[in-house]
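Topology and contacts: notes
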Amino acid sequence: MSTSYFYDRCLSRMSIDKSISIDKSIVLGSALLIFLTIMGGFLLEGFFSFQNLRSVLLLAAFLGIASLGQTLVALLGGLDLSIPFIIGSANILLPSLLSSGLPPVLAIVIVLMLGALVGLMNGALSFRLQGQSLIMSLAVGFMAVGATQIYTSIGSEFGGNVFTPIPEWLRNLAAFNGVTFGIQIPPVVFIWAAISILLIWLMRNTWFGISIYAVGGSRVAAHRLRISESRTWIQVHGISGFMSATAGILLLGFSGGGFVGVGDPYLFTTVAAVVIGGTSLLGGSGGYGATILGVLVLTVLTSLLVGLGLSFAAQQAVIGSFIIPMVAVYARSKHIRNQI
Amino acid sequence: MSKIRTISLKNISKSFGETRALSNCSFEAYAGEVHAVVGENGCGKSTLAKIISGVLLPDSGEIEILGGVNTTPLDARRLGVATIFQEVLVADEANVLDNLFVGSEGFFSVGKSESEKVREASELLTRCIGHDIDLFADVGSLPLNIKQWVVIARAILRRPKVVILDESSAALDLDATNRLHGEIDRLRNEGCTVLIVTHRIAELVRIADRATILRDGAPVGVLEKSEITEAKLLELMTPSDRSVMAQPNVDIKDNKSNLLDSIIEGKSIQLTEGSHSFDFELKPGTIVGLAGLDGHGQDLFARTLAGLYRQNSGTITFRKESGEFIDIDGLERASDLHISWVSGDRKKEGIFPQRSIFDNFAFGIYRRNLGWFGKINKRYAQKAFAQEVKRLKIKTGNTANKITSLSGGNQQKVLISRAFADQPKVIVLNDPARGVDLNTKRDLYKELRNFTESGGAVVYLSSEIEEFLGFADRVDVFYQNAIFRSLDYQSVSEESMLAAMFGQPLGSHVEIV
């Protein structure tokens, strides 16, 4: 009895240790986030205003949802470049389906399923052509966005822009002035929070999460534990496609009109959020919790730069130059001489 | 003969994490001698070779090589050091000639003319291999032993003053080994210092002029030619307190497992097309060793048992407790039958380098205890881990630290504990003690013995035949992809195993001239 008590004490201590030493990247990311927030407070009037915080959270939610798949793919050691194109496709396909008279819920389900399907296809193809997976995901994204534009342009002159009345509840989900059960924060923020909690739990507590870390860490060692690399790879890309479609749908609620280029900024920012968070692009270490930090850092930084009146080009330069020290801190592997 | 000192190392130390590979190691070698660096795996001999060739930098100490100091492989090469590493380092896509003369030309400067190269290369290779080979063939299309010769010839063609051979005869057969020794003689007569790094005692007794014996990262003796005998070498290499390994295990004789049904049975197994077929039997409560020169199929066979390779023909079946025989036809099956696999190549097929010590253990045992929706049972894993850490005396520190913070031996212990915790009936180990210190080895032998005593069966592949002495109940020696001879515990000796490894008849003494 007493020994088992002792064991449990030790074990709980062990897990406390674990959560403390879990990642220096979490500590660094949090410090950076706090620093930027304080900077914002000093430099800009109204930085801490409710409106500003709400818009930061809203924009972070879109980026966070779009970065989910990127995080998982990065944990496997890949990159999914189809994300912006699937976002764009979903963003124009949904209004097109709506205007053809489909009930909104059905249309949304169709778009989500198509997103997942494209993701699975991307996964299957890029798995077959390992080493070319980057360009393969780009190719699949191009195909998807091209095909969607052809479809949406049937009977219309402009494939890239689709305008149709959007249901009020979808608008409310993602608009600045959206309301969640009386709270003046759009529901998408809460949706993102719920998805985050669920995913982080899954990653830590299920075989699926373990498989992703294992395959990303060492494919051969994972195989020895009977973890299927192909299955994990394809599943993760499917999730990425699904989440990209989700982001595309929510962005439609945000903007009110379908535009194929709406996903374009997410090509860079999803990868940037992953890297700033501290997930290694080589796979195997990091997680979605880190990406959330990365997303917040990136969004707060952008809002700070916008508030300071920097042009888009200047913002790009600053954000780009952020990536360099981040990669230097996290993604650096030991020199071969010092490896055992 | 006046002695010209070519290599002088003073008080060299080098650590990898917690592992101290060399501690205050001093070493000297002279021109015109064949100098063997001997010791068990993990004694630091490869580290020493890498320091001399500039691949590794020592943590402390002084180096002087041919009157200079080397800090990079390029430095070492300029000074006249040529190293033939254990790994066969060739560019598969380039032809033989380019592989031989790689690096001999600058970006703008041209070295030798092609006809000169062809003449030199063909002369040397014909002498080494025994026949002509096409110098313009892609190296990738050549068999392993020829690739090995390409690597050796590359070093010789540089006209080095110091040549280091790091276990380079591994891929060569007896004939070829003799030809290699001929080349070594020639180099010595030209005034070259030849360092042979090896743990093959028989080989170096014949050829070495001097030998430095390393143990736990420091030299324990330097022998002159007249003093080099197998007995003397073994004595120096072996710590005096090595009981588990050096003395036959008395328990083996009392083994009652002969009466039991076998747990794995192989009938007319043919590993690869055209190889001889053989039978195999594994009984509960026994440890069966697999031995052989590298590339003679023992590795394939171990993989076959673990479901990682499929034999060409024949059957390998597992006998369930119900008496049912089940074909081991893949990894899934092997795992369902509770056959565990532990690889010595932990970097490649063992560890997850970015994960914690605990994760590396737990990843292996979640599978059998998954709950609803694939939920893992962390509590169970933590309990099992705490038990194993205690039992195997793993020095972990904080278990949330990365696995790579551990020494190689402790990493291996974690992987072995993972296999033990996965409720195995049979454990197949592929050279698990590679690069592991002696104490860890001893613990491992003890644990495996305990495991068999509780009814488990062990298949143990090792490239160091000393490991089997007093440990294995039987050693199956492989030669040309088939079991050439099975030696029971009474007839297991270094000599009998070596003879079988070279495909020699029973009772013959292997001479390597």
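Residues numbered from 1 in each chain as written. Chains lettered and ligands numbered in written order. Predicted model: local features only at pLDDT ≥ 70, side-chain atom pairs only at ≥ 80, totals over all residues. Heavy atoms only, no water.

**Things to note about the overall build of chain B**
Basically, it comes down to this: Strands here are runs of E lasting at least two residues and helices are runs of H or I lasting at least four, both read from the DSSP assignment and numbered beginning at the N terminus. Only protein chains enter the accessibility calculation, which uses a 1.4 Å probe; a residue whose area is less than 20% of its type maximum is buried, one above 50% is exposed, and one in between is partly exposed. Accessible surface area values rest on a Shrake-Rupley calculation with a 1.4 Å probe, where residue burial reflects the displayed protein chains alone.
Helices and strands together make up the secondary structure of chain B, namely 17 helices and 19 strands. Counting the 513 residues in chain B, one finds 57% classified as buried. As displayed, chain B offers around 21900 Å² of accessible surface, 49% of which is attributable to carbon and sulfur atoms.

**Points about the sheet that holds strand 6 (residues 162–166) of chain B**
All names here are of chain B. The condition that has to hold: Whether two strands pair comes down to DSSP finding at least two bridges between them. Axis definition: a line fitted to C-alpha atoms, limited for helices to the stretch in contact. Angles are taken between N-to-C directions and run from 0 to 180 degrees. Note on definitions: a residue-residue contact is assigned when non-hydrogen atoms from the two residues lie within 4.5 Å.
Taken in spatial order, the six strands make up an open sheet running 5-6-7-3-8-9, and their pairing is mixed. Strand pairing shows two members of the sheet lacking a second neighbour, strand 5 (81–84) and strand 9 (218–224), which therefore form its edges. Here the strands of the sheet are splayed against their neighbours by 15° on average, with no regard to which way each runs. Pairing of strand 8 (residues 210–215) with strand 9, which is carried by six bridges, proceeds in the antiparallel orientation. When the sheet's bridge partners are listed, Ala-211 is paired in strand 9 with Leu-223. This element, helix 1 (residues 45–52), spans strand 3 (34–38), strand 5, strand 6, strand 7 (193–198) and strand 8 of the sheet and lies at about 150° to strand 7.

**A look at helix 10 (residues 298–305) of chain B**
The element helix 10 of chain B is largely enclosed, with a buried count of six among its eight residues. Within helix 10 of chain B, the full set of buried residues consists of B:Gln298, B:Phe301, B:Ala302, B:Arg303, B:Thr304 and B:Leu305.

**Here's the deal with the interface of chain A and chain B**
You'll often see interface size given as the accessible area lost when the parts meet. Convention followed: Salt-bridge detection follows one rule: a side-chain nitrogen of Lys or Arg within 4 Å of a carboxyl oxygen of Asp or Glu. Residues adjacent in sequence count toward polar contacts only when both atoms are side-chain atoms; beyond that, a polar contact is any pair of N or O atoms within 3.5 Å, and within protein one must be able to donate a hydrogen and the other to accept it. Side-chain classes are defined by residue name, with Ala, Val, Leu, Ile, Met, Phe, Trp, Tyr, Cys and Pro counting as nonpolar, Asp, Glu, Lys and Arg as charged, and the others, Gly among them, as polar.
Between chain A and chain B, the contact holds 34 residues from the first and 49 residues from the second. Taken together, the links from chain A to chain B amount to three salt bridges. Notably, a salt bridge pairs B:Glu349 with A:Arg224, separated by 2.4 Å at the nearest N-O pair. Linking chain A with chain B are 10 residue pairs in polar contact (both at pLDDT 80 or more). At the level of secondary structure, the elements contributing two or more residues to the side of chain A that touches chain B comprise helix 1 (2–20), helix 8 (187–205), helix 9 (207–217) and helix 10 (219–224) of chain A. With seven residues, the single largest contributor to the side of chain A that touches chain B is helix 1 of chain A. The residue inventory of the side of chain A that touches chain B, partitioned by class, reads 15 nonpolar, 12 polar and seven charged.

**Notes on the side chain of B:His338**
Residue and element names in this part refer to chain B. Within the secondary structure layout, His-338 lies in the loop between helix 11 (331–336) and strand 15 (339–343). Here the side chain of His-338 touches Gln-423 through a polar contact of 2.7 Å, landing on its backbone oxygen. With near-sequence residues (within four places) excluded, His-338 lies in contact with Arg-368, Asp-422, Gln-423, Pro-424, Lys-425 and Val-426.

**What about helix 3 (residues 50–75) of chain A?**
Residues and elements named next belong to chain A. Quick reminder of the rule: Take the residue count of a helix, subtract one, and multiply by 1.5 Å to get its expected span. Note that bend, as reported per residue, equals the angle between axes fitted to the 7 residues terminating at that residue and the 7 residues originating from it.
Here helix 3 spans 35 Å end to end across 26 residues, near enough to the 38 Å set by a 1.5 Å rise per residue. At Ser-67, helix 3 shows its largest kink, close to 35°. A large share of helix 3 lies buried, amounting to 21 of its 26 residues. Of the residues one or two after helix 3, Gly-77 is the one with positive phi, at around 90°.

**Observations concerning the side chain of B:Glu447**
Tracing the backbone through its elements, the reader meets B:Glu447 in helix 16 (residues 438–453). With sequence-adjacent residues up to four places away left out, B:Glu447 is seen in contact with B:Arg391, B:Leu392 and B:Phe420.

It is worth stressing that arrangement in space is one thing and function is another; only the former is reported here.
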